Amino acid sequence: MSSQREVRCRCGRWMWAPPGAGAIQCSTCHTVTQLHSLVDALRGAHRMIYGLQQLRRQYQQPPQMMMAQRSPPQMMVAQRSPPQMMVAQLSPPPPPRLLEALPSPFGKKRAVLCGVNYRGKSYSLKGCISDAKSMRCFLVQHMGFPVESILMLTEDEACPQKIPTKRNMRKAMRWLVEGNRARDSLFFHYSGHGAQQKDYDGDEIDGQDEALIPLDHETEGKIIDDEINEILVRPLVHGAKLHAVIDACNSGTVLDLPFVCRMETNGSYDWEHQGFGRIYKGTDGGGAFCFSACDDDEASGYTPVFTGKNAGAMTYSFINAVKTAGPAPTYGQLLNLMCSAILEAQSRLTYTDSDESSEPLLTSSEKFNIYATKFAL
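Reading guide: rules and limits
Residues numbered from 1 in each chain as written. Predicted model: local features only at pLDDT ≥ 70, side-chain atom pairs only at ≥ 80, totals over all residues. Heavy atoms only, no water. Axes fitted to C-alpha atoms, helices over the stretch in contact; angles between N-to-C directions. Helix = DSSP H or I, 4+ residues; strand = E, 2+ residues; numbered from the N terminus. Parallel < 35°, antiparallel > 145°, perpendicular 65-115°, else oblique. Contact = heavy atoms within 4.5 Å. Nonpolar A, V, L, I, M, F, W, Y, C, P; charged D, E, K, R; others polar. Left-handed = near helix turned anticlockwise from the far one by under 90°. Phe/Tyr/Trp six-rings, centres within 6.5 Å; stacked < 30°, edge-to-face > 60°. Lys NZ or Arg CZ within 6 Å of the ring centre and 35° of its normal. Disulfide = S-S within 2.5 Å. Buried < 20%, exposed > 50% of the residue type's maximum accessible area, 1.4 Å probe, protein only. Pairing = 2+ DSSP bridges. Salt bridge = Lys/Arg side-chain N within 4 Å of Asp/Glu carboxyl O.

Per an unreviewed UniProt entry, the protein is named Peptidase C14 caspase domain-containing protein, and its organism is Brassica campestris.

Shown next as structure tokens:
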């Protein structure tokens, strides 16, 4: 089929001409169409075009210059472009290739960082974009993440596909886990509003789904924990790890991970199973860990206590804890350092500057010993 040619009869019917055929008869009007060589036809067309171009140039020149500048016949033959060259010249230029908005999804370390300030809204925030930028610097300078493997979604981005809309956030999360393999280290960070809404599929003990709030949530809606779990958690294969840091209100179980680490003030802890309903919320053999700013029914906040300017308390305390904990800290050490830093910051704020006291929460796809397991990105 690839060697056949499509020929149009003068009655308008299209026909397939077998290779090597010299003529073909139309089954509708019975007209016989002679099949000339395509190259011969092109050459004839190009000769006509070339002649018209020469005539146009002659009539555009002053009369006294026409004879002096006219090329002799042999020069015209030498300068005549071959058919394939003329086809290339007459064809429209190809459209410019669009730059890929997303980096390659295949790499041992990659991250998605979302910071949403909701500028111009009555519920705008002040430090979320700064949180995302701080996290990027931390991952590149201290955790060995290649800068080209980090996808930033903020309102400061020039590329439309990097604005933190619902569609772009979904796409970025899928990009993060695409083709994940053993020994991959994946990182997801979100700083912005969080919320709760009624659970309609019966998989929440408290009857509430947790959700992230994209920039266009007023028209497109929230991204609820069921979907986040389906996109980010369940595709993780054996040997791959995902760490998430969620700096938002109502964010405790926003990844819908099945186990919550309940820690006491004296450092003791217990794992609480969140499994409820028939839907599997674990991974495909990999590991998923989430540090959230607060429990599902609590509010998080940002504070100038840490840096002198507005910053998410969770984001700052996580970065600072990893930096100061020394080499190969455990999950328990990091959790204690973050809780201490946030509690101290809250004690330095007046009541109007902060809501009720909230502490970071750790959730996981599996139960483990938080004081024996090393944290590593």
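Chemist: Residues and numbers for the packing of helix 6 (residues 166-177) against helix 8 (residues 225-233), please.
Modeler: Orientation of helix 6 relative to helix 8, taken along the N-to-C sense of each, is 30°, at an axis distance of 8 Å. As the angle between them shows, helix 6 and helix 8 are arranged roughly parallel. Here Arg 170, Met 173, Arg 174, Leu 176 and Val 177 of helix 6 lie close against helix 8, whose contacting residues are Glu 227, Ile 228, Ile 231 and Leu 232. Here the residues of the contact of helix 6 with helix 8 are counted per class, giving 6 nonpolar, no polar and 3 charged.

Chemist: How would you summarise the packing of helix 9 (residues 313-324) against helix 10 (residues 331-347) if you had to cite specific residues and measurements?
Modeler: Put simply, helix 9 and helix 10 touch, their axes get as near as 9 Å, and they point 130° apart. In terms of their interaxial angle, helix 9 and helix 10 are classed as oblique. Once helix 9 is placed against helix 10, the crossing between them reads as right-handed. In contact with Ala 313, Met 314, Ser 317, Phe 318, Ala 321, Val 322 and Thr 324 of helix 9, helix 10 contributes Leu 334, Leu 337, Met 338, Ala 341 and Ile 342.

Chemist: I'd like to hear about the packing of aromatic side chains, residue by residue, with values.
Modeler: Within this structure, the stated rule accounts for 14 aromatic pairs. Between Tyr 269 and Trp 271 the ring centres are 6.5 Å apart and the planes differ by 85°, which places this aromatic pair in the edge-to-face class. The rings of Phe 138, Phe 187, Tyr 269, Trp 271, Phe 289, Phe 291, Phe 318, Tyr 331, Phe 368, Tyr 371 and Phe 375 are connected pair by pair, giving a single aromatic cluster. Here the guanidinium or amino end of Lys 198 rests over the ring plane of Tyr 200, the centre of that ring lying 6.0 Å away.

Chemist: Give me the lowdown on the state of the cysteines, citing residues and values where you can.
Modeler: Taken as a whole, this structure holds 0 disulfides when the rule is applied. Here Cys 249 is not disulfide-linked; the sulfur of Cys 294 is the nearest cysteine sulfur, at 5.7 Å. Under the relative-accessibility criterion, Cys 249 is labelled partly exposed at 21%.

Chemist: Help me get a handle on the sheet that holds strand 7 (residues 185-191), residues and values and all.
Modeler: Spatially, 6-5-7-11-14-17-12-13 is the arrangement adopted by the 8 strands of the open sheet, whose pairing is mixed. The sheet is open, and its two edges are formed by strand 6 (150-154) and strand 13 (269-273), each paired on a single side. Here the strands of the sheet are splayed against their neighbours by 15° on average, with no regard to which way each runs. Looking at chain direction, strand 5 (residues 109-115) and strand 7 are connected through 7 bridges and run parallel. Counterpart to Ala 111 in the pairing with strand 7 is Phe 187. Across the sheet, helix 10 is in contact with strand 11 (241-247), strand 12 (259-263), strand 14 (287-292) and strand 17 (361-364); its angle to strand 14 comes to roughly 15°.

Chemist: Lay out the pattern of salt bridges with the relevant residues and their values.
Modeler: Here the structure, examined in full by the defined rule, presents 10 salt bridges. For Arg 170, the salt bridge is made with Glu 227, and the minimal N-O distance between the two is 2.5 Å. Here Arg 170 is found in helix 6, whereas its partner Glu 227 is found in helix 8, with 57 residues between them in sequence. With relative accessibility at 27%, the residue Arg 170 sits in the partly exposed group. Judged by relative accessible area, which is 16%, Glu 227 ranks as buried. A salt bridge links Asp 256 to Lys 281, with the nearest nitrogen and oxygen atoms 2.9 Å apart. Linking Asp 256 in the loop between strand 11 and strand 12 with Lys 281 in the loop between strand 13 and strand 14, this pair joins segments that are 25 residues apart in sequence. Taken individually, Asp 256 and Lys 281 each receive the classification buried, so the pair is uniform in this respect.

Chemist: Could you give an account of the sheet that holds strand 10 (residues 223-224), naming the residues involved and the relevant values?
Modeler: A sheet is described by the order of its strands in space; here 3 strands give the open sequence 8-9-10, paired in antiparallel fashion. Each edge of the sheet is formed by a strand with only one pairing partner; in this case those strands are strand 8 (194-198) and strand 10. Taken together, the 2 bridges between strand 9 (residues 208-212) and strand 10 define a ladder with antiparallel strand orientation. Along strand 10, the bridge assignment pairs Ala 211 with Ile 224.

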